[in-house]
Amino acid sequence: VGEMVSRRLIAYYNPFISEIFHLEKPVIAAVNGVAAGGGVGLALTADVVVAGRSAYFMQVFGPRLGLVPDCGCTWYVPRLVGRARALGLALLGEKLPAEEAARWGLIWKCVDDGALMDEVMGLARQLAEGPTKAFGYIKRAFRVSERNDLDAQLDYERLCQRALADTQDFMEGVTAFLEKRKPEFKGR
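Here the structure is a predicted model, which means the values were calculated and not measured. (Residues numbered from 1 in each chain as written. Predicted model: local features only at pLDDT ≥ 70, side-chain atom pairs only at ≥ 80, totals over all residues. Heavy atoms only, no water.)

Draft legend 1. Highlighting the overall build of the chain. Summing up its helical and strand segments, the chain has 10 helices and 6 strands in all. Over its C-alpha atoms, taken along the principal directions, the chain stretches across nearly 60 × 40 × 30 Å. Split into buried and exposed, the 188 residues of the chain put 34% on the buried side. If you take every contact in the chain between residues at least 6 apart in sequence, the share linking residues at least 24 apart comes to 60%. (Helix = DSSP H or I, 4+ residues; strand = E, 2+ residues; numbered from the N terminus. Buried < 20%, exposed > 50% of the residue type's maximum accessible area, 1.4 Å probe, protein only. Contact = heavy atoms within 4.5 Å.)

In structure tokens form, the structure reads like this:
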């Protein structure tokens, strides 16, 4: 059984999680209900996670199945909420309500259940109308910051600014700022 579980992670789950993580476009997750086990990792792979008030997050692998959390949970959760809370969630398997998940910094926001999809679609429109090329650079900058020291990160930011300052979106942003109007980005 162990070999089968390992093959499934290699063939399906891990590549999917990695592909979402490395996607150049922002990804939004809407959590409406239970995010348990690998569902927690899948949700946290998104760049912005919004949950309905009745939703909760639960690490069931250890206490209920005798397994290690997977789908990136051992990578995402400690980075988002700290080691103590991450271990508590993984070892005890308690439900973490969406409101508390937002207070802990596990997710971006908790909203009323009936407002969840309106909130998520509003965020999606906002991101789609934004400087999408810059968003890809932002995601990469946050990814590399995990392994860079401050000086290396400052240099990486400089390289990003050099590349983005030559885009049409940057020029539009500056022009819109000077003209006191909303920018109309084109992703170029």
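Past the structure itself, the notes keep going.
Draft legend 2. Region of interest: the sheet that holds strand β5 (residues 96-97). Spatially, 3 strands are ordered β2-β4-β5 in an open sheet, and the strand pairing comes out mixed. The outermost strands of the open sheet, each flanked by one partner alone, are β2 (34-36) and β5. Summarising the sheet, strand β4 (residues 56-58) and β5 pair through 2 bridges and their orientation is antiparallel. The residue of β5 that forms the bridge with F57 is L96. The strands touched by helix α2 (residues 38-45) are β2 and β4; relative to β2, the strand with the most contacts, the crossing angle is about 105°. (Pairing = 2+ DSSP bridges. Axes fitted to C-alpha atoms, helices over the stretch in contact; angles between N-to-C directions.)

Draft legend 3. Just the nonpolar core, in detail. With 28 residues, the main nonpolar core has V31, F57, V77 and L106 as its most contacted residues. Among the secondary structure elements, those contributing two or more residues to this core are α1 (2-22), β1 (28-31), α2, β3 (48-52), α4 (73-81), α5 (83-92) and α6 (98-104). For this core, the leading source of residues is α4, giving 4 residues. What L106 contacts, discounting residues up to four positions off in sequence, is L44, F57, V77, L80, V81, L96 and A101. (Core = buried A, V, L, I, M, F, W, Y, C linked by side-chain atoms within 4.5 Å.)

Draft legend 4. Looking closely at the packing of α2 against α4. Following both chains from N to C, one finds α2 and α4 inclined at 65°, their axes separated by 9 Å at the closest point. Considering only the axes of α2 and α4, their crossing is left-handed. Within the contact between the two elements, α2 uses V40, G41, L44 and T45 and α4 uses C73, Y76, V77 and L80. (Left-handed = near helix turned anticlockwise from the far one by under 90°.)

Draft legend 5. Local environment of the pairing of β3. Counting buried residues in β3 gives 4 out of 5 residues, a clear majority hidden from the surface. Pairing geometry for β1 and β3, over 4 bridges, is parallel. Residue A29 lies in a different strand from β3, and its bridge partner there is V49. Pairing geometry for β3 and strand β6 (residues 109-111), over 3 bridges, is parallel. Looking at the pairing, A51 lines up with C110 of β6.

Draft legend 6. The pattern of salt bridges, seen in detail. Counting across every chain of the model gives 11 salt bridges. In this structure, K139 and D47 form a salt bridge, with 2.8 Å as the shortest nitrogen-oxygen distance. In this pair, K139 is assigned in helix α8 (residues 132-145) and D47 in the loop between α2 and β3, connecting sequence segments 92 residues apart. On the basis of relative accessible area, D47 is assigned to the partly exposed category, the value being 38%. Ionic pairing is found between R79 and E146, a salt bridge with its closest N-O pair at 2.9 Å. Separated by 67 residues along the polypeptide, R79 in helix α4 and E146 in the loop between α8 and α9 (150-164) bring together distant segments of the chain. Here E146 falls in the partly exposed class, since its relative accessible area comes to 44%. Members of the salt-bridge network, linked through shared partners, are E24, R140 and R143. (Salt bridge = Lys/Arg side-chain N within 4 Å of Asp/Glu carboxyl O.)

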